[in-house]
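# Examination of the molecular architecture
The primary structure of each chain is shown beneath.
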Amino acid sequence: MTARLKKDIRTIIEVSLFLVWIFAISAIYSISSWFLLIFGIIGITAGVYRRFFMRYHRDIIMLPTQNDESSKMGLVAFGLIVLFFSSVGHFAFDMEIYQVAIGLALGGVLIWLGLHESPKGWLAVQGNMIEMQGLPEQIDSRLLKGISIYNDRIILTNIYNERQQGLMLKLTPKTAQNIKVFLDSKIGRADISITDYVSNASVRNWNNC
């Protein structure tokens, strides 16, 4: 399967899920606008937590991914739809003024969260255990001998030469360096090789210019 085909399939899935989301919202609204309000508050609370609190947790570092932009645009598009329906809601759906105001505020917040959303990827180190988005299970850092950081993936190699990796990343030299500093501070073992190939490649390319 080519990269282009994978990207097209991912786009189709994202659009399909977005349409299902819209129909679900419509169904909830048909039952009661209060259900929609509660649903929106829960979503906003989760988004605010991810935007302002999760990224500052000491044991977690956020990882930029290749899907971040599409995720942001999806949330912005949903916010615009909420703004549109709220704008015409008073005339088309007999919504009360306060419901229109709540809808407008909700749409504005969704757009703001979309524009300022944190990266989707994450890596956590708690004690001796390492977790990362894309890995099926936790990894004991005491069994690791090397961690390799590339622009699109992070590879963890254990003492048995078995590899596990988090894919679909989009790392810059700066974020790669931040990841290396984070891992050094959390693991702190001289026998684990943590190699930053993103920054190293950038330096080599600069020297070859």
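Right above here is the structure, for reference.
Below is a short write-up of the structure. Numbering of residues starts from 1 in every chain and runs along the sequence as written. Note on the predicted model: pLDDT of at least 70 is required for a residue's local features to be given, and 80 or more for side-chain atom pairs to be given and counted; whole-chain, interface and lining totals, by contrast, use all residues. Water and hydrogen atoms play no part in the side-chain values, which are based on all heavy atoms of the structure.

Look at helix H5 (residues 173-187): 21 Å from first C-alpha to last across 15 residues, which is about the 21 Å you get at 1.5 Å a residue. Residues of H5 that are buried include every one of Thr175, Ala176, Ile179, Phe182, Leu183 and Ile187, and no others. Seen along its axis, H5 keeps its buried residues to an arc of 120 degrees; they face one direction. Turned more than 90 degrees away from the buried face of H5, the exposed residues are Lys174 and Ser185. Numbering of helices and strands runs from the N terminus, with a helix taken as a DSSP run of H or I at least four residues long and a strand as a DSSP run of E at least two residues long. In the stretch just after H5, Gly188 is the one whose phi turns positive, near 60 degrees. Here the expected length of a helix is defined as 1.5 Å per residue gap, with one fewer gap than residues. Residue burial is assigned from relative accessible area. The probe radius is 1.4 Å, only protein chains are included, and a residue is buried under 20% of its type maximum, exposed over 50%, and partly exposed in between. Here, the arc refers to the directions that run from the helix axis to the C-beta atoms.

What you see with strand E3 (residues 129-132) is a clean split: Ile130 and Met132 sit on the buried side and Met129 and Glu131 on the side with no burial. Sheet topology places strand E2 (residues 121-126) next to E3; four bridges connect them, and they run antiparallel. Across the sheet, residue Val125 finds its bridge partner in E3, namely Ile130. Connecting E2 to the next strand, E3, in antiparallel fashion are two residues, including Gly127 with a positive phi near 65 degrees. Here the rule is simple: two strands pair whenever DSSP picks up at least two bridges between them. Note: E3 against strand E4 (residues 139-140), two bridges, orientation antiparallel. Bridging across to E4, Ile130 finds its partner in Ile139. From the end of E3 to the start of E4, which pair antiparallel, there are six residues, and Gly134 there has a positive phi angle of about 100 degrees.

Attention now goes to the sheet that holds E4. Pairing within the open sheet is antiparallel, and its four strands lie in the order E1-E2-E3-E4. Each edge of the open sheet is held by one strand with a lone partner, namely strand E1 (60-63) and E4.

Further remarks concern the pattern of salt bridges. By definition, a salt bridge exists where a carboxyl oxygen of Asp or Glu is found within 4 Å of a side-chain nitrogen of Lys or Arg. Throughout the structure, instances matching the rule amount to four salt bridges. Put simply, Asp140 and Arg142 hold a salt bridge, and the shortest N to O gap is 2.9 Å.

On to the nonpolar core, then. One finds Leu123, Ile147, Ile154, Leu156 and Leu183 to be the most contacted residues of the largest nonpolar core, which totals 23 residues. Broken down by element, the residue count for this core peaks at five residues, all from H5. Two residues qualify as a contact provided that any one of their heavy atoms is within 4.5 Å of a heavy atom in the partner residue. Discounting residues that sit within four places of it in the chain, Ile147 has contacts with Ile154, Ile155, Leu156, Leu183, Ile187, Ile192, Ser193, Ile194 and Thr195. Throughout, nonpolar core names a set of buried Ala, Val, Leu, Ile, Met, Phe, Trp, Tyr and Cys residues whose side chains join them through atoms within 4.5 Å.

On to the packing of aromatic side chains. Under the pairing criterion, centres of Phe, Tyr and Trp rings, with the six-membered ring standing for Trp, must be within 6.5 Å; the plane angle then separates stacked pairs below 30 degrees from edge-to-face pairs above 60, leaving the rest tilted. Summed over all chains, the structure comprises two aromatic pairs. A ring pair is formed by Phe84 and Phe85, whose centres lie 5.5 Å apart and whose planes are at 75 degrees; its orientation type is edge-to-face. Taking relative accessible area as the criterion, Phe85 reaches 41% and is therefore assigned partly exposed.

For patch detection, residues must exceed 30% relative accessible area and be free of salt bridges, and they are connected within 9 Å for like charges or within 5 Å for nonpolar side chains (Val, Leu, Ile, Met, Phe, Trp, Tyr). Methods summary: accessible areas were calculated by the Shrake-Rupley approach with a probe of 1.4 Å, and residue burial reflects only the protein chains presented. Together, Phe84, Phe85 and Phe93 make up a nonpolar patch on the protein surface, roughly 320 Å² of accessible area in all. Within the secondary structure layout, Phe85 lies in helix H3 (residues 68-92).

For Ser86, the position within the fold is in helix H3. The definition of a polar contact used here is a pair of N or O atoms within 3.5 Å, where within protein one atom must be able to donate a hydrogen and the other to accept one, and adjacent residues in sequence count solely through side-chain atom pairs. Among the polar contacts listed, one links the side chain of Ser86 to the backbone oxygen of Val82, at a separation of 2.7 Å. For Ser86, the side chain forms a polar contact with the main-chain oxygen of Gly103, separated by 3.5 Å. The contact partners of Ser86, leaving out residues within four places of it in the chain, are Val100, Gly103 and Leu104.

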